[in-house]
Amino acid sequence: MNLNIPEISYSSVGTGPVIVLIHGFPDSGAIWETISDDLCKAFTLIIPDLPGTGATPMQGEVTIDDMARGIDLILEKEGVNKVVLAGHSMGGYVALAFARLFPERVAGLSLVHSTAAADDEEKKQARLKVIEIIRKGGRETFIRQMTQNLFSDSYRNLHVADVVAKVEAGLKVDENSLIAFYKAMIGRDDNVDMISKVAFPVQWIAGIDDNIINYKKTLRDCHQSNINFVTLYSNCGHISMIENPVKLAADLHQFGEYCFNLYRNIE
Ligand code: MLT
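A brief look at the structure comes next.

**Here's the deal with the overall build of the protein chain**
Counting secondary structure elements, the protein chain contains eleven helices and seven strands. For the protein chain, whose C-alpha radius of gyration is 17 Å, the value lies close to the compact-globule estimate of 18 Å for 267 residues. With the C-alpha coordinates aligned to their principal axes, the bounding extent of the protein chain is approximately 55 × 45 × 35 Å. Of all 267 residues assigned to the protein chain, the portion counted as buried reaches 54%. Between the mean site of the 25 positive side-chain charges and the mean site of the 34 negative ones, the protein chain shows a separation of 3 Å.

**Notes on unusual backbone geometry**
Leave glycine aside and you will find that most residues have negative phi; peptide bonds, for their part, are mostly trans. In this structure, the amide linkage connecting Phe 25 to the following residue, Pro 26, adopts the cis form with an omega of -5 degrees. Assignment of secondary structure puts Pro 26 in the loop between β2 (18-22) and α1 (33-39). One non-glycine residue with positive phi stands out, namely His 113, at about 55 degrees. The class of His 113 is buried, set by a relative accessible area of 1%. Of note, Asn 235 is a non-glycine position whose phi angle comes to about 50 degrees, a positive value. Tracing the backbone through its elements, the reader meets Asn 235 in the loop between β7 (228-233) and α10 (240-243). In this structure Asn 235 comes out as exposed when scored by relative accessible area, which is 54%.

**As for the environment of Ile 47**
Relative to the helices and strands, Ile 47 resides in strand β3 (residues 44-48). For Ile 47, a relative accessible area of 8% translates into the label buried. Not counting the four nearest positions on each side in its chain, Ile 47 is found in contact with Ser 9, Tyr 10, Ser 11, Leu 21, Gly 29, Trp 32 and Ser 36.

**Considering the site of the ligand**
Around the ligand, the neighbouring residues are Gly 24, Phe 25, Ser 89, Met 90, Tyr 93, Arg 127, Met 185 and His 238. Between Phe 25 and the ligand, the recorded distance is 2.8 Å, taken from a backbone N or O atom to an oxygen atom. A distance of 2.9 Å separates an oxygen atom of the ligand from a polar atom in the side chain of Ser 89. For the shell around the ligand, the class distribution of residues is four nonpolar, three polar and one charged.

**Brief notes about the sheet that holds strand β5 (residues 106-112)**
The seven strands lie next to each other as β1-β3-β2-β4-β5-β6-β7, forming an open sheet whose pairing is mixed. Edge positions in the sheet fall to β1 (10-13) and β7, since each of these pairs with one other strand and no more. Strand-to-strand twist in this sheet, taken as the mean axis angle between neighbours without regard to direction, amounts to 15 degrees. As paired strands, β1 and β3 are joined by four bridges and run antiparallel to one another. Each residue of the ladder has a partner; that of Ser 11, found in β3, is Ile 47. Strand contacts of helix α3 (residues 90-101): β2, β4 (83-88) and β5, with the helix running at about 145 degrees to β4, the strand carrying the most contacts. In the packing of helix α11 (residues 245-266) onto the sheet, the strands contacted are β2, β4, β5, β6 (202-207) and β7, and the crossing angle to β7 comes to about 175 degrees.

**Quick look at the environment of Ala 249**
Structurally, Ala 249 can be placed in helix α11. Ala 249 gets classed as buried once you look at its relative accessible area, which sits at 3%. Here Ala 249 is in contact with Ile 35, Asp 38 and Leu 39, once residues within four sequence places are set aside.

**Remarks on the pattern of salt bridges**
Counted by the stated rule, this structure contains 16 salt bridges. The salt bridge involving Arg 156 is made with Asp 153; its shortest N-O contact spans 3.1 Å. Taken together, the residues Arg 156 and Asp 153, both in helix α5 (residues 153-158) and three residues apart, mark about one turn of the helix. Here the salt bridges do not stand alone but share partners, grouping Asp 65, Arg 100 and Asp 189 into one network.

**What to know about the packing of helix α2 (residues 64-78) against α3**
Two numbers describe how α2 lies on α3: the axes approach to 8 Å, and their chain directions differ by 70 degrees. With respect to α3, the axis of α2 lies roughly perpendicular. Side by side, α2 and α3 meet where Ile 64, Asp 65, Met 67, Ala 68, Arg 69, Ile 71, Asp 72 and Leu 75 of the first sit next to Met 90, Tyr 93, Val 94, Ala 97, Phe 98, Arg 100 and Leu 101 of the second. Considering only residue class, the contact of α2 with α3 consists of eleven nonpolar, no polar and four charged.

**Considering the packing of aromatic side chains**
The tally for this structure, following the rule as stated, stands at nine aromatic pairs. When the centroid spacing of 6.1 Å and the interplanar angle of 85 degrees are considered together, the rings of Phe 25 and Phe 181 count as edge-to-face. You can see Phe 25 sitting in the loop between β2 and α1 and its partner Phe 181 sitting in helix α7 (residues 175-186), a full 156 residues away along the chain. Each member of the pair, Phe 25 together with Phe 181, is buried. By way of ring pairs, the aromatic residues Phe 25, Phe 142, Phe 181 and Tyr 182 are connected into one cluster. Over the ring of Tyr 182 we find Arg 127; its NZ or CZ atom is 4.9 Å from the centre of that ring. For the cation-ring pair, Arg 188 lies above Tyr 93, with the distance from its terminal atom to the ring centre recorded as 3.6 Å.

Cut-off values and rules
Residues numbered from 1 in each chain as written. Predicted model: local features only at pLDDT ≥ 70, side-chain atom pairs only at ≥ 80, totals over all residues. Heavy atoms only, no water. Helix = DSSP H or I, 4+ residues; strand = E, 2+ residues; numbered from the N terminus. Rg over C-alpha atoms; globule rule 2.2 N^0.38 Å. Buried < 20%, exposed > 50% of the residue type's maximum accessible area, 1.4 Å probe, protein only. Lys, Arg positive; Asp, Glu negative; His and termini not counted. Charge placed at Lys NZ, Arg CZ, Asp CG, Glu CD. Contact = heavy atoms within 4.5 Å. Near = heavy atom within 4 Å. Polar contact = N/O pair within 3.5 Å; in protein donor to acceptor, adjacent residues only side chain to side chain. Nonpolar A, V, L, I, M, F, W, Y, C, P; charged D, E, K, R; others polar. Pairing = 2+ DSSP bridges. Axes fitted to C-alpha atoms, helices over the stretch in contact; angles between N-to-C directions. Salt bridge = Lys/Arg side-chain N within 4 Å of Asp/Glu carboxyl O. Parallel < 35°, antiparallel > 145°, perpendicular 65-115°, else oblique. Phe/Tyr/Trp six-rings, centres within 6.5 Å; stacked < 30°, edge-to-face > 60°. Lys NZ or Arg CZ within 6 Å of the ring centre and 35° of its normal.

Structure follows, in structure tokens:
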């Protein structure tokens, strides 16, 4: 098989066991800035910019599995063996693919507003429509509209500057990269079966006001894995790293400690 393994730029901060923080769509590693100062006191944080974002150029069409292989390449370079992965939304899809491809490397998996299920037909069709809109020059309108949708109503109304900054961040991702991500998400594998068989702990973080991943779905899905941490965030939509970073940092901290302690006791 001819593998397409993208070269992914990343930053590494802190000391201690490694947590890989994988951003969602249409972000870059910068989205984790709100929690990294706190988390890096106890963990080494590896923070990639997926292809077409931040410091990583677009490298043609990449699949979710390709991006997971790119993350494995980073860990090879860094000489890291076992990690906890935290993936936000699309980053969660990459983290799940990583866990399927490289299970021996995973001490724990945190799904931050994400799902193990593949897109259903309705979702695929909706994404194809968005691709058409972007192709016809609608990139900016799409980014502005989807960004509004990321926040809970209450947060959006009270924190207009954060919404504006998020729109600006989204607009840094060019048309081709947006389309490449949407194609990658349409084509991703379902990981529900995989997640039901893994031995490592899984964290499920859901916002009660999330318009993209409904928290009720997360509550149903979280029974799929064997060792679960489940946290519901009130007054929070799809983006707790902006809407509630203090709680997110604390939850990831607790989960990371649990996973690495468990791993040490098993080894
Ligand atoms: C994301 O936040 O990464 C995306 O909205 C995920 C998705 O569209 O499935």
